[in-house]
Each structure stands twice: as C-alpha cells, then as structure tokens.
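Summary of structural features
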Amino acid sequence: MALCWGRGAAGLSRALRSSGCARPVAEERGTLGGLWGSRRNSTARPCEHDRRKDWGLAELLEVLEARVQQLQAESGSGSEAVGKQLQVSRPAEHFARWAKKLHKDHLELQVRRQRLERKLKAASLKVQPRPLLRVEPQLQNSRLASCLQEPHRNAWEELLARALQEVPQKLSCEGALEVHTPAQAGELDELESELWTLQQKLLFFFKGCLASGHLPLAHHVLVSHHSRPRKQLQLTLAMYNTVMLGWARQGSLKELVYVFFMLKDSGLTPDLLSYASALQCMGRRDQDTHTIRRCLDQMVHDGLQPTQIFTDLPLLEEERAAILRAVVKAKPTFSLPPQPSPQVNTSELLREVYSKDEPVSYPKMSLPLETLKGFFQQQLQVELTNNISVQSVDKAPQLTKEVLKARKTLETLREQWKVELLRVLQETKTRLAREARSGRPSLYPFLCLLEDRELVDLLLQALHALPAQGESLIHLAHDVGLQTFNRHSMKQRQLSHQVKELEQRYFQYLQLLASDTQVETPYLPRQYWEALGPPEPPLQSPWPMRLLLELGNQLTELLVQAVQMPRSLVAPQGSCRLIPVLYHVYSFRSFRQIGILKPHPAFTQLLATAAEPTLIFEAKDMPMLCPPLPWTSPHAGAFLLSSTKLMRAVEGTRQHQRLLECCPPAQLHGALDTLTQLGNCAWRVNGRVLDLVLQVFRDKGSVHLGVPPPASEAPQPPELPLPPDTPPARKAEVRRELVRCLKVAREMHSLRADALYRLSLAQHLRDHVFWLPHNMDFRGRTYPCPPHFNHLGSDLARALLRFAEGKPLGPRGLDWLKIHLVNLTGLRKRDSLQNRLAFANEVMDDILDSADRPMTGRKWWMKADEPWQTLACCMEVAEAVRSSDPATFLSHLPVHQDGSCNGLQHYAALGRDSAGASSVNLLPSDLPQDVYSEVAAQVEVFRRQDAEQGVRVAQVLEGFISRKVVKQTVMTVVYGVTRYGGRLQIAKRLRELSDFPQEFVWEASHYLVCQVFQSLQEMFSSTRAIQHWLTQSARLISQAGWAVEWVTPLGVPVIQPYHHNAKFQMKGGLQTITCASNHDTNQRPNTVKQKNGFPPNFIHSLDSSHMMLTALHCYRKGLTFVSVHDCFWTHAADISVMNEVCREQFVRLHSQPILEDLAKFLVQRYCSGLSPRPQKAVEPALFAKLLGTLQAVPKTGALDLEQVKRSTYFFS
C-alpha cells in the first residue's frame, strides 16, 4: 500500500484506504523529498527499480519470441491440414512486424542493460575504495607552509616549537571580505546567524567524532575546511582545540602539530586549552625536557601560567596526571596549586545555618550502613540498565486464544523490525560516512555513539510509547535525540571508570547518613561530600536543540521507513503485502499546522488486544532506591549517573545555566543544601490506601474520588452517517457533539494513563524505601525530579505516600493529627483550632468506621474535600487511639501546614500593609481570617449600591455573589491575572450555578471582575502599588531590549525566559521542521510577557526563599521536612517546632530591605556602565524614564512584622 501524505483526518483516511494501484501523491511543500525519493509506493532503491524493470522486459521478450515461433510453426503446418481443419490465415507482413518489434526491443534492452551496468560499476567504485582521509593541511602562510615542506625526520617537536612561536596574522582574502561586508547592510544579522549555525554544527561534529572514536575523520574535515578560504571562516578556536585534544589523548604528536599549524595559519591565538593539549600529548609521550620547556616559556610569553591549567580547566584525572608529568619534567620544582579552602556563604539570612558556634542536631536516617550500601547497588543497577519494566496494575485480560495470538504476533513483528532497523541503520551510516569523508559534517559520528542494537531498542520503545492519536514529529524527534544523548552520557561515565570511583566515594558519604555510624564533626551532606575529594568535571556538555532535533528526526525517519506489518492484520482476507506501521499526517493545533506521526489503527488494536502486562520507564523517571547525591554545583547532584539539571528549563535554553555557572559557588549554597535536604527524605507507599485505590481503579474508576474511569466509560459520539435530508442546523449540532466527545475521550485517556503510571509505580515500590531527588525552576521553586509518582500531585497521589521513618506522637501529636484530618475535610475552615479538635472528637465514630470499613461502611471520608488523604488520616488516627499509649505510637503520616493566600501575605509584608495583613492572617486573631469571604462581602456592598441605582446586571446578581465565585480571581490577582483572565474565571463559576440566568454570564462576569479588582485596591492599597511598580519597571526594561533579571534573597539568580520567537528550519524526509524558540537571551524580549510575569515571578521567588529558610533551619533542628511550595509537611510530633521556625524565618526574610535591594540591583544592572548590551540601542528619554521608575520605590506602611510570630493562623 502506498504511503500517502495528506492533511488532517482526511489525509489519514486516504493513507489507510487500500488500493490496488499506486495513486499519484500531490506534492506539498515540506513533506516530500528525502526519505524514499520520488517513488513513494516502494522502499526499493533506484538501482533495484531499474533491475526489476529490465528483468520484466526480458521475460516479456522471451514470451513474445516463443509466441512468434508458435505462430510460425502453426502457419507451416496449416497447408497440410487444410482439408481437415479450419485454416487460419497468418499474413507474412504480420510476422515481419512482430520480428521487427522484437528486434527493436532487444536493442533497447541491450542499451538499458549497458547503462545499468555502468551505473552499478560507478556505484561500486564509490563504495568500495574509500577516499583517503587528509592529514596534512594546505597552509596559506608561506612561512608556516615552508616549515611543513622541509624534510624533518623525527623533528615534530621542532615543528611544534616553531608553530608556538609564530605570531598570529589575520588572513585577508576576498572571500572573507565578501562574507563580512554584504552588499545589503540589513542582511548582516541574518548572515551572522547563519554563520553561527554552521559553526555550531561543525563544532559538535568534531565533538561527536571525538566521543565516538572517529578522530581521523574529524581531522580530515578540519583540514578540508581549513584548506578553503571561504570554509576556513567557519572554523573557530574551539574547533581546533577539540581536534587537538583528541590527538593529545592519543599521544599523537604529528597530527597535533598539524592542527597547531592550522590554528596559527588561521590567525588565531592559542588559549589555555591549546597549551594544555600540547602538554598532555608530550606528557603521554614522555617528551624531552627541552621541547616541554619551550612550550611552557611560550605559554608564559602569551600571558598564561601553568597553574591555570589545573585551576581553570575541567580535566579528567588521567589528563591532569599527563599534564603534570610533562610540567614537572621541565620544572622539577613545580607543584600543584593548593586546593582552595571551602567558600562560606556570607548571606545574613543564612548566617545561623552555617554557623559553627551553636550546637546542631542534623537528622540521621533510620537505616544501617550495610542496608544503605545494598540500596546503592540496586539503584546503580537500575541506572546502568536505564529501562525498568514495571508490572501494570490495569485489569489483566483473560489469556484467550486471541490474546495469546496477538502477543505472539507482536513478538514476531518485533524480531522482524529489529532486523530491518539494523539494515536500514547500517545503510544510513554508510551514506552519512560518505558525506563526512567528502568534507561535509554529518550525523555519522552521533549514530556511532551507541551500539546499533541500542539505537534499535530505543526506537522500538519510542514506537510502543506512541499514543493512538499520534505524536507531533518535532516532539518525538526531540525525545529520541535527548534519550540518545542521555544514554551516551551514561556510557561515557562507565568508560571513564567514574562508576567505581563513585561507589567508593558514596560508601564514605553514607557514614554521615547511616543510623549505626558517626562522624567526628557534624556536616551538612553537601559539605561532607565536598570534603571527600574534588568534584568530577562534567564529561559531556549538553547538545544544542538543533542537534537533538536533527539526530532525533533522522532516527525517527528510519523507524518510519523500516517498521512495516502484513496487510492481513488490517483485513483478514487481504494479502500478506507489507504496509507501514507509522503514517505522517498534518493536523491543526492552535491555528498552526503541525506534522504528526500516527500508528496504524490495526497496530493500535493489536497492542490493545495483546494487553501486555508491563510498562517501561526510564531510570530518571523513577524514584531513587538510595539517597540522592547531594547537590554540589549546577551540574552535579541527584541521580547517580543520569544527568539532571539543577534549574529545570525548556530544552535548548542556556540562559539559566549560564547565570548559575557565573555565580560564586558559595552564593548557591542555600539552594543546593535545601534541594539536598528535600531529596534526603525517605518515603514508603501507603499499602492500605493503595489496595483500595486499585480496587476502584479496576472497577471503572470514580470521578468523585479522583480515580479516572477507563475509555469504555467515555461518552459515545452520535451515530454517523446522518440521513441525506438532515437539516444543516442538525448537522452542525452533531459536529459539535462529535468534537466534544472526542475531546472528552482524549482527556479521559490522558488522565487514565497518568493514573496507571502512578499506581503501577506505587505497586512496584510498595515494599521498598525510596527517595525523591529535587531540583528547582527559574524562580527557585522546588519540584521532585520523578514526574509520575511524587507528593506534588493530586489528593490521590499524596495519599499514597508516607514517611519511611516514623516518630512517636508525643504529648501533642495526636491532637495535630486530628486537626489535620479536619483540615483535609474542609468542613471547619472558619473555626478555631480548638473547635476543629472538638469536631474531630465528635465524629470519632465516623473516623473509625471509615478506617475499618472504607468501602462498606458509612463512607464519611468520601464527603471530604480531599477524600483519599482524609481516609489515610482516618486510618492513622484509628491506629493511634487504639494503641496502648498514643504518645508512643510511631506515626508515619505527613501533617500539613498551609499558608493563608501566601502571595498576598508576601505583598502585605513587603508593603507593611496593616489592613491587608489582617485579612491574610499575618496578625494574631482568635479565628482565622478568610480574605476570599471578605472580598466577596465587599463586592456585595458595591453590588447593592449599584442595584439601588438601577444597574440591571447588579440586580440580576442578587444572591449569587459567594466566596466560591470570587476565590480563584482573588487568589490569582497576586500572580498577575489580567481583567480578561479574571473575567473568564468568574464566568466559569457562574456557569456552574444552575439557577443563574445563563444569558447574563458574560455581562455579569465583566461587572464582577471590575468589582473584585476595586475591592482588592481598597483592601490592599500597598499591594497594588508594589505590583504596579514591578510591572512598569519590567515594561521599561524590556522595551529597552533586556530581559528582567534579579537575585532572590538567598542568592539564586533569576532571569525571565520570555522572548520573541526565533525560528529555524530543518529539512527532513518527512517534512521540513520549523522550530520556534522564545526562551533565550539572544532573542528580543517579549514586553507583554516580561511585564505581566515579573510581579508573580518575583513573589514566587520570595515564597521559595521562605521555604528554603524554613527547610534549612528545620534540618538543623533534626526535623523531617518537605514542602509543596507554600504547604509545609512534617511529623505530627514536630508541628509546633516547624510552626515556630516558619514564622521566625518569614519575619527575618521580610526584615531585609527587599524592595530597596531589588531597586539597587536593577539600577546597577540596567542603568550603569556595567549593563549588558541590549538587543537594540536605548533612547536617552527611555533610559531616563527607566532610571526614574526604578528609583521610585513604593512607600511602605507601619506594620510590625514581629506580630507574625504570634499569629496562630499564619500557616495552619
């Protein structure tokens, strides 16, 4: 069946429709060319097509010749049988015409055969004798060229010395002038961008060759480019250094000298890495002292010191040893510079955290050393394997003949696909290698980073993970490229012997954590890890987005080309002809046309029928089976081998990483230690809750309980087709209903899959202790790295987790458990803590009934706001009250303390706003204040006044203004919601009211959002002033051409990733991929997003600072602490201590001049001589306005922050 391209569902239906003949395919820009050439209905190569056609002609001619002979024989014997049979006339001209035609066809066939033989001979000449790789360069500097032409036997050392002493001279050639001075000045940026793209492609080609062991190929391409003046303009110092480093690692002096000559010939000056490569090569060769000394002297002459090599460059241990060997040979008195003393964070907020003067009680884990060592070995094996098979918890089908047949068919197909993928992959590598040998950088070295079978397994996993509705080609290509990079990084660690060194160091690190070991001096985990030795340099810099997409797209196209299945799977009576498993179609998403890869429905049905009982997860998507590595730098921490970013960001974004790497190491200590502490919390699965959830999950789920139902429960679309006489209005209604049903089905599928992953992982880990490594976003907010199973999810996800370490409840722990239970129900939000405790005692019978008979009793827990967490708490309370002594009961349940509209709390503290502070519980009170109810009451006052004046919409809204209607808008105003966004939120709430007249929804939502904003303006005047100042500052900064940056009170650098789209195109066989990126500083800032994002992002950076301070001080006091942003968790027995720390650190944080410090930073950053170059020239008037705005810090009120320490309901 022909592989067809089309648009949308129509294109897919055409592709899936069987046809007896090949149909012409309309060409479409971006979809044709590349993968299969112009013959879309066959996977045969052109030579094979020619051969098949000639074979067919030969067979036809043989048949025709036989027929002519038969006719001639019949005509010859016809005269003898003229009286016996009917004579058939065969004119002589007829045979002559046939013979002439046969002769002509013979000649044509002979010509075609000769032509085909010439093609095959030429192709064989291309393939068999590989072109020799160039080694010796062609230099333009006559003096350097003459040095290489002199017959120097065993004198490469002398040549290196000459190259080192050569003064660089910039070359002047007409080609260079043409490139750098284009006729049209407006094209300069485009040319620079194109040059930068080519340079990136070349640099990573050389790095790929270095990593995959194809250094001669890299040298060949470098020589080819250097020998052409125009091509030489693309070469940079980093490229020469990369190839030179490769030869240095091999100790190949001759090739290294050639690269050094090319470097000098290009007019570049060697840098520290250039000299380090030369010294490393000489150290590995045990070079003579004279040559090494001349290299060192020239290095000093260029203003570089040998000690800088060991302090400024990230070197592997063997590289350091080789360089040191060379340096010491020439200078016996040389010694390595001493290790710098550990830097200490000097932030006033963290002074107590790192103080050595006061006693500390850092917590130990409840597990002995040998157990933790065993856990390390398990986690190491998981990461080395990379993929983990997890048993699915979905309801297993009966093993009928149909299921067994489907599984056997899948197994057979997979084996066939592996063979075909290997063949296609090897052919592709051969073609790409030929490109590289011709001097053009290709993807060849990157396809050699992993074994062929590893790449095939990776592609087959991507195939089986593809959803039935398909996946965007660009996303699939990116995922495949990223997985290739991750596996290569892990392989590099293994080959560099880092695994063994890691094991030794980790076992020493466990001395600090294990319950049965002691260390002399108390350390934070990061401090102890750093004391065990210097950090290992990162082995692999991240690949750029373009390279990930190109590699992923190449591999994805191989998958599409190779993976086929018999047509008999589609139609049982059909032929066994092979058809593609994947189809490329187009669809519209958000008014953009995107290419999608969709699996054939027959393949999807085969997977569904087989219902294989395992799910495959990558190691980095799983919780860890041992304590994570402590975070020690922006690129070291969390998983043992899998690389993890300290600051999560969109793939390809480098601005956050650059900021972190430019920071003094001590400045990040607060964030690093917080993330380490959060990751060191050990967890277990709540088995009793999990069993109940699985029971509901396998029994069609429950929307009320947050357990997604299966696809079989999705609404059924209307029956089609409609009768021909159906009115247009009815047709439109059916179309809308069909769209709605499809949308609901997709959402249900997504939610069901998410729940399946979470529950399968919970079942897999139910008998294990595990850990959740953390990282942070660009504002400093922390998140667990494993995406599917963590405590940041829904009510269901949180209820499945408990602390692995239990703590006795103590005298007040049981009371806090009960209060926590009532908080989860949402039934007594406005009551005091004493009344909530009394209510828990009143409903104790319901609590115990819920714990004992959750599915058959009165089901009181199901009425709660958070039903599954309520049930888990009921079970914990029941066990505690039934124990002999509740005070000694070991409780594992996390108890929460939640901030009261935390964003407004920070605004009120920043502005010292007494009225606003009272509304958000910053001030002591007997009952908790509810800002949402207060705003609703104020809006009701405004509504009543307008209704009395005859405003129609105000009269319609009588009786409909409630806390629920305004809550979401009040909550998100602090995070930058606009009036339009608030209007949509309120309209949604009004539509949920069955008795509200729906024809007034839009008018009423517009009226209410205005009243909500006016109410907040009156209640939080200083809040709105600060918000306005932040917005205007960001608007002017971005208009001047900068992205907004600041530093959090704990020293985390922040930059907003909102820029205008920068697009690049990448041609492929399936389509031309257009990638739009708006997350990096080399693009113009998006003013609207910068100004709207600054207020909420700044507040988020403050709440993350408050959480980090609380976490660090709780750890110092020996508490177990985790958080979900502004919701803090610990053991019930430690709630009082955590509450005290939480309030103290909030007061300390806001006692700092936060707004004044922010203004000073922004002025220095954007209005001084040290400002970074903006994306455009800044007008003097705009510059003056920016300076004036930044210096006009809003005035604050007279709120006494010390009162926060006495506020019971600040966090409760």
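In what follows, the accompanying structure is described. All figures in this text were calculated on a predicted structure; none of them were measured in a lab. (Residues numbered from 1 in each chain as written. Predicted model: local features only at pLDDT ≥ 70, side-chain atom pairs only at ≥ 80, totals over all residues. Heavy atoms only, no water.)

Topic: the overall build of the protein chain
Helix and strand content of the protein chain: 45 helices and 23 strands. Accessible surface computed for the protein chain: about 57200 Å², of which carbon and sulfur atoms make up 52%. (Helix = DSSP H or I, 4+ residues; strand = E, 2+ residues; numbered from the N terminus. Areas by Shrake-Rupley, 256 points an atom, 1.4 Å probe, with all protein chains shown as cover.)

What about the sheet that holds strand E17 (residues 895–898)?
The sheet built from three strands is open, its strands ordered E17-E23-E22 with antiparallel pairing. Either end of the sheet is taken by a strand with one partner, and the two such strands are E17 and strand E22 (1122–1124). This sheet shows a mean twist of 25° between the axes of neighbouring strands, independent of strand direction. (Pairing = 2+ DSSP bridges. Axes fitted to C-alpha atoms, helices over the stretch in contact; angles between N-to-C directions.)

Quick word on the environment of Asp 852
Relative to the assigned elements, Asp 852 resides in helix H32 (residues 844–852). Judged by relative accessible area, which is 44%, Asp 852 ranks as partly exposed. Placed 26 residues apart in sequence, Asp 852 and Ala 878 show a C-alpha to C-alpha distance of 8.5 Å. A polar contact is formed between the side chain of Asp 852 and the side chain of Arg 882, at a distance of 2.6 Å. (Buried < 20%, exposed > 50% of the residue type's maximum accessible area, 1.4 Å probe, protein only. Polar contact = N/O pair within 3.5 Å; in protein donor to acceptor, adjacent residues only side chain to side chain.)

Some points on the packing of aromatic side chains
Enumeration according to the criterion identifies 27 aromatic pairs in this entry. Taken together, a centroid distance of 6.1 Å and an interplanar angle of 65° make the contact between Trp 1046 and Phe 1098 edge-to-face. Here Trp 1046 is found in strand E18 (residues 1045–1047), whereas its partner Phe 1098 is found in helix H42 (residues 1087–1116), with 52 residues between them in sequence. Using a relative accessible area of 1% as the deciding quantity, one classes Trp 1046 as buried. Aromatic ring contacts, followed pair by pair, group Phe 376, Tyr 506, Phe 507, Tyr 509 and Trp 529 into a single cluster. (Phe/Tyr/Trp six-rings, centres within 6.5 Å; stacked < 30°, edge-to-face > 60°.)

Observations concerning the sheet that holds strand E5 (residues 582–589)
Taken together, three strands build an open sheet; the order of strands is E2-E6-E5 and the sheet is antiparallel. Where the open sheet ends on each side, the last strands, each with one partner, are strand E2 (471–472) and E5. Across two bridges, the pairing between E2 and strand E6 (residues 592–599) is antiparallel. Bridged to Glu 471 within E6 is Leu 597.

Quick word on the environment of Tyr 1115
Structurally, the position occupied by Tyr 1115 is in helix H42. For Tyr 1115, a relative accessible area of 8% translates into the label buried. As for Tyr 1115 and Tyr 362, which are separated by 753 residues in sequence, their C-alpha atoms are 6.0 Å apart. The contacts of Tyr 1115, once residues within four sequence positions are left out, are Ser 361, Tyr 362, Pro 363, Leu 524, Pro 525 and Gln 677. (Contact = heavy atoms within 4.5 Å.)

Remarks on the pattern of salt bridges
Evaluation of the coordinates by the stated rule reveals 38 salt bridges. Of the charged contacts in the structure, one is a salt bridge between Arg 752 and Asp 394, with a shortest N-O distance of 3.6 Å. Residue Arg 752 is found in helix H28 (residues 728–764), and its partner Asp 394 is found in the loop between strand E1 (387–391) and helix H17 (401–437); the two are separated by 358 residues along the sequence. (Salt bridge = Lys/Arg side-chain N within 4 Å of Asp/Glu carboxyl O.)

Details of a nonpolar patch on the surface
The grouping of Tyr 980, Leu 984 and Trp 1002 at the surface amounts to a nonpolar patch, some 340 Å² of accessible area in total. By secondary structure assignment, the location of Tyr 980 is in helix H39 (residues 979–991). (Patch = residues over 30% accessible without salt bridge, like charges linked within 9 Å, V, L, I, M, F, W, Y side chains within 5 Å.)

Observations concerning the nonpolar core
With 216 residues, the main nonpolar core has Tyr 506, Leu 640, Trp 868, Leu 922 and Phe 1098 as its most contacted residues. Top contributing element to this core by residue count: H42, with eleven residues. Contacts of Leu 640, omitting those with residues within four sequence positions, involve Phe 376, Gln 379, Leu 380, Glu 383, Arg 493, Leu 502, Tyr 506, Met 624, Cys 626 and Leu 629. Core analysis: the next-biggest nonpolar cluster, separate from the first, contains 113 residues, Leu 413, Leu 458, Leu 473 and Ala 602 among them. (Core = buried A, V, L, I, M, F, W, Y, C linked by side-chain atoms within 4.5 Å.)

Structural notes on the packing of H42 against helix H43 (residues 1135–1150)
Across the interface, H42 lies against H43 with an axial gap of 9 Å and an inter-helix angle of 130°. If you check the angle between H42 and H43, you find them oblique. Considering the relative orientation of H42 and H43, their crossing is right-handed. Listed contacts from H43 to Leu 1102, Ser 1105, His 1106, Leu 1109, Thr 1110, His 1113 and Cys 1114 of H42 are Met 1138, Val 1141, Cys 1142, Gln 1145, Phe 1146, Arg 1148, Leu 1149 and His 1150. Taken together, the residues of the contact of H42 with H43 sort by class into eight nonpolar, six polar and one charged. (Parallel < 35°, antiparallel > 145°, perpendicular 65-115°, else oblique. Left-handed = near helix turned anticlockwise from the far one by under 90°. Nonpolar A, V, L, I, M, F, W, Y, C, P; charged D, E, K, R; others polar.)

Overview of the packing of helix H36 (residues 931–948) against helix H40 (residues 1001–1019)
Closest axis-to-axis distance for the H36/H40 pair is 9 Å, and the angle between their directions is 115°. In terms of crossing hand, the pair formed by H36 and H40 is right-handed. In this structure, H36 uses Val 931, Glu 934, Val 935, Gln 938, Val 939, Phe 942, Arg 943 and Asp 946 to contact H40, whose residues at the interface are Tyr 1007, Leu 1008, Gln 1011, Val 1012, Gln 1014, Ser 1015, Leu 1016, Glu 1018 and Met 1019. Residue composition of the contact of H36 with H40, by class: nine nonpolar, four polar and four charged.

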